[in-house]
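Below are the chains, spelled out letter by letter.
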Amino acid sequence: MELRQLEHFVAVAEEQHFTRAAERLAVSQSGLSASVRALEHELKTPLFSRTTRTVRLTEAGSALLVEAERTLAGARAARDAVDAVRGLLRGTLTLGVEQCVAGVSTARLLAAFHREHPHMEIRLRQEGTSSLLEGVAGGRLDLAFAATVSPPEWRGELVPLAREPMVVLCAPGHRFAREGARVAWGDLRGESFIDFHPDWGPRRAADEAFAAAGVRRSTVALEVNDVHSLLELVHEGLGIAVVPHHFSRKPEARDLVAVELGGTRRPVYESVVVLPPARAMSPGAKALMALVRETPPR
């Protein structure tokens, strides 16, 4: 079993398509297929279920994917460590990030990192919190910027980035949009809600806040994957949203009303850097964290 074969296998698993995987790796499709077949022959089991339209991992393929990603991450870390000793920072930095995570500008941070380390390849993956935790744990990600991570979920290091209140965001014509209004938890019963899919940080924070307040909200009928769609739906009066306060400062939210949640239970949105154990941190991750620590958390 060769690292090259594992790289080919992982690319097909991620793309779920042999042609796209071959294009991504800049190899011929026939060569890629032969590499995967050789790996299946060595392991004596199919790794993919193939049809004319789909390529899916088998149970054995799913088991191999976890270890293949870990093995490839270890190989990259070994190469990067040697380069670091030689005074070079090469290789790949793979960063995972929640959408619109607070406390850091991902674009400015990566631009500064690229200026300091131009030979490092940067890869960015935008995913939900659970996927980010799995990615760091499995070595697929060097580190991640996530939200609302509880200690039982992650026993490695969590570096605080930001902490801010969550607010109710509504259209100007909504009954909550009175000047100086404050909404009690009980007032939210029966409202229509717009929110993210359950794995996204703001949704997790909202769900935890409702549970802590002992309020069961109605089903979230309008679920979105991006902030802009959420703001647009709220603007059209299709529902309200419980979101981090910084969402209300976005240009698309300028006509919306942010209302403070009253009572003793004030929901808070927190964002953190998710780091692997210190011994597993890549040189690229350490260099990026040096930049993050130059800016005090808010």
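The rules behind the values
- Residues numbered from 1 in each chain as written.
- Predicted model: local features only at pLDDT ≥ 70, side-chain atom pairs only at ≥ 80, totals over all residues.
- Heavy atoms only, no water.
- Salt bridge = Lys/Arg side-chain N within 4 Å of Asp/Glu carboxyl O.
- Helix = DSSP H or I, 4+ residues; strand = E, 2+ residues; numbered from the N terminus.
- Buried < 20%, exposed > 50% of the residue type's maximum accessible area, 1.4 Å probe, protein only.
- Lys, Arg positive; Asp, Glu negative; His and termini not counted.
- Contact = heavy atoms within 4.5 Å.
- pLDDT = per-residue confidence, 0-100.
- Expected span 1.5 Å × (residues − 1).
- Axes fitted to C-alpha atoms, helices over the stretch in contact; angles between N-to-C directions.
- Parallel < 35°, antiparallel > 145°, perpendicular 65-115°, else oblique.
- Left-handed = near helix turned anticlockwise from the far one by under 90°.
- Nonpolar A, V, L, I, M, F, W, Y, C, P; charged D, E, K, R; others polar.
- Phe/Tyr/Trp six-rings, centres within 6.5 Å; stacked < 30°, edge-to-face > 60°.
- Lys NZ or Arg CZ within 6 Å of the ring centre and 35° of its normal.

Undergrad: Teacher, can you tell me more about the pattern of salt bridges here?
TA: Should their charged atoms come close, side chains of opposite charge can pair. Throughout the structure, instances matching the rule amount to 16 salt bridges. With a closest N to O distance of 2.6 Å, Glu-14 and Arg-24 form a salt bridge. Of this pair, Glu-14 sits in helix 1 (residues 3-15) while Arg-24 sits in helix 2 (residues 18-25), and the two are 10 residues apart along the sequence. The class for Arg-24 is partly exposed, based on a relative accessible area of 38%.

Undergrad: Honestly, the side chain of Lys-250 in this entry has me stumped. Any pointers?
TA: Of note, Lys-250 is situated in the loop between strand 10 (241-244) and strand 11 (257-261). Despite its burial, Lys-250 pairs with no opposite charge, the nearest such side chain being Glu-252 at 6.1 Å. Contact partners of Lys-250, with chain neighbours within four places excluded, come to Cys-100, Val-227 and Leu-231.

Undergrad: Explanation requested: the confidence of the model for the chain in the structure shown.
TA: In regions of low pLDDT, the predicted coordinates are not meant to be interpreted in detail. Summary statistics for the chain give a mean pLDDT of 86 and a share of 95% for residues scoring 70 or more. Of all the helices and strands in the chain, helix 4 (residues 59-85) carries the lowest mean pLDDT, 84, while helix 8 (residues 227-235) carries the highest, 94.

Undergrad: Honestly, helix 7 (residues 201-213) in this entry has me stumped. Any pointers?
TA: For an α-helix, the turn length of 3.6 residues means that residues three or four places apart are oriented alike. With 13 residues, helix 7 should cover 18 Å at 1.5 Å per step; its first-to-last C-alpha distance of 18 Å lies within 8% of that length. Those residues of helix 7 not exposed but buried are Gly-201, Pro-202, Arg-203, Arg-204, Ala-205, Ala-206, Ala-209 and Phe-210. One or two positions beyond helix 7, positive phi appears at Gly-214, with a value near 75°.

Undergrad: Any chance you could explain the packing of helix 5 (residues 106-116) against helix 9 (residues 283-293) here in plain terms?
TA: Helix-helix packing is described using two parameters, namely the angle between the two axes and the distance between the axes. The interhelical angle for the contact between helix 5 and helix 9, taken along N-to-C directions, is 120°, at an axis separation of 10 Å. Viewed along their axes, helix 5 and helix 9 adopt a mutual orientation that is oblique. For the pair helix 5 and helix 9, the crossing hand works out as right-handed. Residues Leu-109, Leu-110, Ala-112, Phe-113 and Glu-116 of helix 5 lie in contact with helix 9, whose contacting residues are Gly-284, Ala-287, Leu-288, Leu-291 and Val-292. Its residues assigned to classes, the contact of helix 5 with helix 9 comprises eight nonpolar, one polar and one charged.

Undergrad: Please clarify how the packing of aromatic side chains should be interpreted in this entry.
TA: How two aromatic rings sit relative to each other is given by the distance of their centres and the angle of their planes. All chains considered together, the criterion is met by five aromatic pairs. Aromatic pair Phe-18 and Phe-48: ring centres 6.0 Å apart, planes at 70°, arrangement edge-to-face. Separated by 30 residues along the polypeptide, Phe-18 in helix 2 and Phe-48 in strand 1 (residues 48-50) bring together distant segments of the chain. Each member of the pair, Phe-18 as well as Phe-48, is classed as buried. With centroids separated by 5.1 Å and ring planes inclined at 75°, the aromatic side chains of Trp-185 and Phe-210 adopt a geometry described as edge-to-face. Within this pair, whereas Trp-185 is found in the loop between strand 7 (182-183) and strand 8 (194-196), its partner Phe-210 is found in helix 7, the two being separated by 25 residues in sequence. Here Trp-185 matches Phe-210 in class, with each residue buried. Put simply, the rings of Phe-9, Phe-18 and Phe-48 pair up and form one aromatic cluster. Lying across the ring of Phe-193, Arg-217 places its NZ or CZ 5.1 Å from the centre.

Undergrad: In this structure, what is going on with the environment of Leu-222? I would like to understand it.
TA: With respect to the secondary-structure elements, Leu-222 resides in strand 9 (residues 222-224). Of the residues examined, Leu-222 reaches a relative accessible area of 29% and is grouped as partly exposed. C-alpha separation for the pair Leu-222 and Gly-96, spaced 126 residues apart in sequence, amounts to 26 Å.

Undergrad: Got a minute to help me understand the packing of helix 1 against helix 3 (residues 29-43) in this structure?
TA: Closest axis-to-axis distance for the helix 1/helix 3 pair is 9 Å, and the angle between their directions is 105°. Looking at the two axes, helix 1 sits roughly perpendicular to helix 3. Where helix 1 approaches helix 3, its residues Arg-4, Gln-5, Leu-6, His-8, Phe-9 and Val-12 are matched on the opposing element by Leu-32, Ser-35, Val-36, Ala-38, Leu-39 and Glu-42. Here the residues of the contact of helix 1 with helix 3 sort into seven nonpolar, three polar and two charged.

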